[in-house]
Amino acid sequence: MIRKLSILDVPQALELSSAAGWNQTMRDWQRVLLLEPEGCFCLERDGRVVATTTAVCYEGRMAWIGMVLTNPDFRRMGFARQLMEYALQSLRSRGITGAKLDATEQGRPLYAELGFTDECLVERWHHPLSPSAPLTKPILPRFPTFHMDTIAFGLSRGDLFGLLREEKWVSSPELGFAFTRTGASANYFGPCLATSESNARRFVEWSLATNPGLPLYWDLFPENTAAVRLAKEFGFQPARRLVRMSLALQAGAKLPPTDPHAYYALSGFEYG
Ligand SMILES: CC(C)(COP(=O)(O)OP(=O)(O)OC[C@H]1O[C@@H](n2cnc3c(N)ncnc32)[C@H](O)[C@@H]1OP(=O)(O)O)[C@@H](O)C(=O)NCCC(=O)NCCS
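Keep in mind that what you see is a predicted model, and the values were worked out from it rather than measured. (Residues numbered from 1 in each chain as written. Predicted model: local features only at pLDDT ≥ 70, side-chain atom pairs only at ≥ 80, totals over all residues. Heavy atoms only, no water.)

With respect to the site of the ligand
Surrounding the ligand, one finds 20 residues, the nearest of these being Val68, Arg76, Gly78, Arg81 and Thr104. Here an oxygen atom of the ligand and a backbone polar atom of Met77 are 3.2 Å apart. Taking Thr104, its side chain carries an N or O atom lying 2.7 Å from an oxygen atom of the ligand. Taking 890 Å² as the accessible area of the ligand by itself, protein coverage stands at 79%. (Near = heavy atom within 4 Å. Polar contact = N/O pair within 3.5 Å; in protein donor to acceptor, adjacent residues only side chain to side chain. Areas by Shrake-Rupley, 256 points an atom, 1.4 Å probe, with all protein chains shown as cover.)

Shown next as structure tokens:
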């Protein structure tokens, strides 16, 4: 049976993401549900949540698909396909014009069969033990306005940032902004938008100083060579490669392109 995922299902949903070795915490699942209570679905077998798919909608126009997971004991039985088809149908009936996602190697064949096409590469970089870099110049925190993100992403994501506000963040109108948040196996640097590479360096220094001696993940667009340069400079290593894919859900719909050069760090595979 396919049904909406509820906040009460979060412990079971977390078991699925943990079994896949993903970094999401209980709070990450709660946040996705808070952001999109109508767009998160699960497939239940004998009273157990065995597969999930979430679709967070931005500006009521474009959906970001994430958390596509099937319990390892129930794979290759068509569950992910059924849930994806259900979620896409629900988005179409709500008038959402398109969907995007970051696909793992395991998920990509399914998305391609459903009509998604490749947009660009996304990489996860990892630092096993973040060095405590000295801050060259501290940044005075002022909660960001998200104008830069709206321009670079093509849609406003104010609700997402409103929820991420409970995590650690730093911002200045001249430099841009950055967040870091807790993860299950490593803390997470991102999102980060910066007005220049040298300003982005200050945000990286801040994120390392905020997570001293802790493992850290950083997702970036390899096309943004400045971000790659910084990741290497601070000792991060590439850990995983995903493919960003998109699908128009209404005839003739054009999805807003993301500007990879504005993003020094992404928001997370479940948010884009
Ligand atoms: C990807 C995943 C969700 C697929 O779940 P599933 O319920 O087994 O998928 P389905 O049974 O609906 O399979 C649908 C199609 O996906 C593809 N697929 C599924 N598992 C695959 C695998 N291990 N390798 C290659 N292709 C695979 C196939 O094209 C399959 O079509 P088929 O029916 O012709 O075999 C599951 O393997 C999983 O949870 N993986 C770990 C988390 C992950 O990577 N999620 C995707 C995030 S983008």
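Considering the packing of helix H7 (residues 197–210) against helix H8 (residues 225–233)
One can describe the packing of H7 onto H8 by two numbers: an axis separation of 10 Å at closest approach and a directional angle of 40 degrees. Looking at the two axes, H7 sits oblique to H8. By crossing handedness, the relation of H7 to H8 is classed as right-handed. When H7 is examined against H8, the residues Glu197, Ala200, Arg201 and Val204 are found in contact with a partner set consisting of Ala226, Arg229, Leu230 and Glu233. In the contact of H7 with H8, the residues fall into four nonpolar, no polar and four charged. (Axes fitted to C-alpha atoms, helices over the stretch in contact; angles between N-to-C directions. Helix = DSSP H or I, 4+ residues; strand = E, 2+ residues; numbered from the N terminus. Parallel < 35°, antiparallel > 145°, perpendicular 65-115°, else oblique. Left-handed = near helix turned anticlockwise from the far one by under 90°. Contact = heavy atoms within 4.5 Å. Nonpolar A, V, L, I, M, F, W, Y, C, P; charged D, E, K, R; others polar.)

Considerations on the environment of Pro222
Its place among the elements puts Pro222 in the loop between strand E10 (216–220) and H8. Placed 113 residues apart in sequence, Pro222 and Pro109 show a C-alpha to C-alpha distance of 22 Å. Beyond its immediate chain neighbours, meaning those up to four positions away, Pro222 contacts Leu121, Val122, Glu123 and Val228.

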